[in-house]
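Descriptive structure summary
Residues per chain are reported as follows:
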Amino acid sequence: RAARALRRLRAARRGGVRLRTVGRTLAALLLAQAALLGLWWGVERRRAAAPAGAGIPLDQPAPPLAAQRPDGHAALRPKGPLVLHVWATWCAPCVAELPSLLAYAAEGELPVWAVSVDDGWALVRRFFDGPIPAAVVRMHPKALPAALQVDRLPVSFVIDGADRLRLRLEGPRDWASGAVRAQVRAASMGRVSTGQVSPGRVSTGRPARAGGAPPRR
């Protein structure tokens, strides 16, 4: 009887360890979903706000950036200036802006990282329904550097050749606009402008399937 009782006690302990492990895993998943839901709520809360206006000049060191390519490997940040754009498939203004941004990236005037904050590559692949453009990388929302203060989408940053943040562009832009390109080009060379620059008229063309649902709760 004593041996049987000891075996039952050991089994109960193992069960407790398994339950604690499952509990920790569920807690981590809930935290990740909460981060996505918080970002989505911030975007939706601001959709009725005023349209994008002038860019916000910056002059501070660029934070370390750790993004992922579609194959799961780390994305190597290009040397020199970089346009860092944060978007998601479930963000309607992002979807409207994306075609002109990807066209700008394909022209090669400046390197572009179009950073998706979707919950996994599967959503991004489903959105494009084909090859994912070379400019598209991914970060988990919680991996976005705090220094960027991303609380709305879309948002773009220009990093100059000295590795300093020079410009913040909140809201969608028409990346075919000469004024927008001139502002971005100047910021990439370290010239900070405080002048008013129109965001241009954003195309509503679709890169593939211009749709998307908010993150799963």
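Described below are features of the structure shown in this document. (Residues numbered from 1 in each chain as written. Predicted model: local features only at pLDDT ≥ 70, side-chain atom pairs only at ≥ 80, totals over all residues. Heavy atoms only, no water.)

Here we come to the packing of aromatic side chains. In total, this model carries four aromatic pairs according to the counting rule given. With a centroid separation of 5.7 Å and an interplanar angle of 55°, the aromatic rings of Trp 87 and Phe 127 are classed as tilted. On the criterion of sequence distance, the pair formed by Trp 87 in strand β2 (residues 82-87) and Phe 127 in helix α3 (residues 121-128) is long-range, its members being 40 residues apart. Using a relative accessible area of 0% as the deciding quantity, one classes Trp 87 as buried. The class of Phe 127 is buried, set by a relative accessible area of 3%. Relative to Phe 128, the ring of Phe 127 has its centre 5.1 Å away and its plane inclined at 85°; by these criteria the two rings are edge-to-face. Under the relative-accessibility criterion, Phe 128 is labelled buried at 6%. Ring pairing ties together the aromatic residues Trp 87, Phe 127 and Phe 128, which thus form one cluster. (Phe/Tyr/Trp six-rings, centres within 6.5 Å; stacked < 30°, edge-to-face > 60°. Helix = DSSP H or I, 4+ residues; strand = E, 2+ residues; numbered from the N terminus. Buried < 20%, exposed > 50% of the residue type's maximum accessible area, 1.4 Å probe, protein only.)

Right, let's talk about α3 for a bit. For α3, the set of buried residues is Trp 121, Leu 123, Val 124, Phe 127 and Phe 128. Looking down the long axis of α3, one finds its buried residues gathered within 160° of arc, a one-sided arrangement. Tucked inside the fold, the buried residues of α3 contact β2, α2 (92-107), β3 (112-116) and β4 (136-138). After α3 finishes, the residue Asp 129 shows a positive phi value of roughly 50°. (Arc of directions from axis to C-beta. Contact = heavy atoms within 4.5 Å.)

Its 16 residues place the ends of α2 24 Å apart at the C-alpha level, agreeing with the 22 Å of an ideal helix rising 1.5 Å per residue. Considering bend angle alone, the principal kink of α2 is centred on Leu 98 and spans about 45°; proline Pro 99 follows within four residues of it. Buried within α2 are the following residues: Cys 94, Val 95, Ala 96, Glu 97, Leu 98, Ser 100, Leu 101, Leu 102, Tyr 104 and Ala 105. Its buried side turned inward, α2 meets β2, β3, α3, β4 and α4 (178-188). At the exit of α2 stands Gly 108, carrying a positive phi of roughly 80°. (Expected span 1.5 Å × (residues − 1). Bend = angle between axes of the 7 residues up to and from the residue.)

Tracing the backbone through its elements, the reader meets Thr 89 in the loop between β2 and α2. Only 2.7 Å separates the side chain of Thr 89 from the side chain of Asp 118, close enough to count as a polar contact. (Polar contact = N/O pair within 3.5 Å; in protein donor to acceptor, adjacent residues only side chain to side chain.)

Here the focus is the pairing of β2. Burial analysis of β2 places six of its six residues in the buried class, the great majority of the element. Relative to strand β5 (residues 155-159), β2 is paired through five bridges, and the arrangement is antiparallel. Considered in β5, the bridge of Leu 84 is made with Phe 157. When β2 meets β3, the two strands line up parallel, connected through five bridges. Across the sheet, the residue bridging to Trp 87 is Ser 116, located in β3. The β-α-β motif built from β2, the intervening α2 and the parallel element β3 has right-handed crossover chirality. (Pairing = 2+ DSSP bridges. Right-handed = clockwise from strand over helix to strand, strands pointing away.)

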